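# Coordinate inspection notes
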Amino acid sequence: MTGKITVVRAGALSTVQDSGRIGHAHLGVPRSGALDADALRLANRLLGNAEDAAVLETTLTGCALRPDRGVRFVVGGAPCPVRVDGAPAAWGVPVYVPAGATLDVGTVSAGVRSYVAVAGGFDVQPVLGSRSTDLLSGLGPAPLSTGDVLPAGEAPGTRPATPVAAPWPAPPAELVLPVRFGPRTDWFTEAARRTFVTATYTVSGNSNRIGLRTEGPALERESDGELPSEGMVLGAVQVPPDGRPVVFLHDHPTTGGYPVIAVVDENALGAAAQAAPGTPLRFTL
């Protein structure tokens, strides 16, 4: 049985996300998809969904939803209060929400992004093989607005065993991002390269799904020249003219002209998605 879910409160920024649009960079289309891929997979596993089923990714202030049929949800990722028609409900494990009741996903107590999965997944129309919202290109469904109605897929026929405490990672108190130098490391002075892997930066409040911006020491270039635009990959650490590194996240542009000093290991980007503004940040080789 399928159903519909009404958005009662959209929150600061709530988008539909799955595992993304892999393989379309040559068309200028970013990967998109859930910034915290581990949270996406775990939320879906707890409901018996396919691991890449579409969920909602909320930012800081959560959202509120009202299903037209009784259905199970999981709220995971960044910890936050969960209520069903005003009554406290569990975070991080499946919660049954009756038809017409309101699931309220509150403001995070740590981290940045919470993930709301529904049994059967959010069954919006796929674009280029993905249901993800892409903030840069505009592909996929628009960010949620109050009053939107989202289709939900058919709930799985069997329920998986639910652990007493699902293994949700805690948002980082300090973000450590492992990197490999290149491809444009030689555009920076030796002192800048040393600073990059020894200094402590902080996560900037200007970060978003396109890139994690940093505050800290500027990295000095060897010259003032500019590169022609070249391909960019997920995790690329681009250095704009102000010298502060920017880590490209899932909605990043597929080309760019500022030099890339290093690339972050993709497995570390889930923690980057949950690093709140002001979190200390170190890059390590």
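Structure's up top.
All figures in this text were calculated on a predicted structure; none of them were measured in a lab. (Residues numbered from 1 in each chain as written. Predicted model: local features only at pLDDT ≥ 70, side-chain atom pairs only at ≥ 80, totals over all residues. Heavy atoms only, no water.)

### Regarding the environment of Val239
- Relative to the helices and strands, Val239 is located in the loop between β16 (236-238) and β17 (246-248).
- Separated by 91 residues in the primary sequence, Val239 and Asp148 place their C-alpha atoms 38 Å from one another.
- Leaving out residues up to four positions away in the same chain, Val239 has contacts with Phe188, Leu219, Arg221, Arg244, Pro245, Tyr258, Pro259 and Ile261. (Helix = DSSP H or I, 4+ residues; strand = E, 2+ residues; numbered from the N terminus. Contact = heavy atoms within 4.5 Å.)

### Brief notes about the sheet that holds strand β12 (residues 175-181)
- Reading around the barrel, the seven strands line up as β12-β19-β16-β17-β14-β13-β20 and close back on themselves, with mixed pairing between neighbours. Taken pair by pair, the neighbouring strands of this sheet meet at an average axis angle of 40°, ignoring direction.
- Judged from the two bridges that link them, strand β13 (residues 201-203) and strand β20 (residues 280-284) form a sheet pairing that is antiparallel. Bridge pairing in β20 links Thr202 to Pro280. (Pairing = 2+ DSSP bridges. Axes fitted to C-alpha atoms, helices over the stretch in contact; angles between N-to-C directions.)

### Some words on the sheet that holds strand β3 (residues 55-59)
- One open sheet accounts for five strands, arranged β2-β3-β10-β5-β8; its pairing is antiparallel. Across the chains shown, the open sheet's two edge strands, defined by having one partner strand only, are β2 (14-17) and β8 (95-97). In this sheet, adjacent strand axes meet at a mean angle of 30° when their direction is disregarded.
- Bridge count for β3 against strand β10 (residues 113-118) is four bridges, and the pairing is antiparallel. Counted as the bridge partner of Glu57 is Tyr115 from β10.
- Helix-sheet contacts for helix α1 (residues 37-47) involve β2, β3, β5 (71-77) and β10, and the interaxial angle to β5 is about 150°.

### A short note on the pattern of salt bridges
- Tallying each qualifying case throughout the model produces twelve salt bridges.
- A salt bridge links Arg41 to Asp38; the shortest N-O distance between them is 2.5 Å. Taken as a pair, Arg41 and Asp38 lie in helix α1 at a separation of three residues, close to a single helical turn.
- Across the salt bridge formed by Arg194 and Glu190, the nearest N and O atoms sit 3.9 Å from each other. Here Glu190 and Arg194 lie together in helix α2 (residues 190-196), a separation of four residues that amounts to about one turn.
- For Glu190, a relative accessible area of 54% gives the class exposed. (Salt bridge = Lys/Arg side-chain N within 4 Å of Asp/Glu carboxyl O. Buried < 20%, exposed > 50% of the residue type's maximum accessible area, 1.4 Å probe, protein only.)

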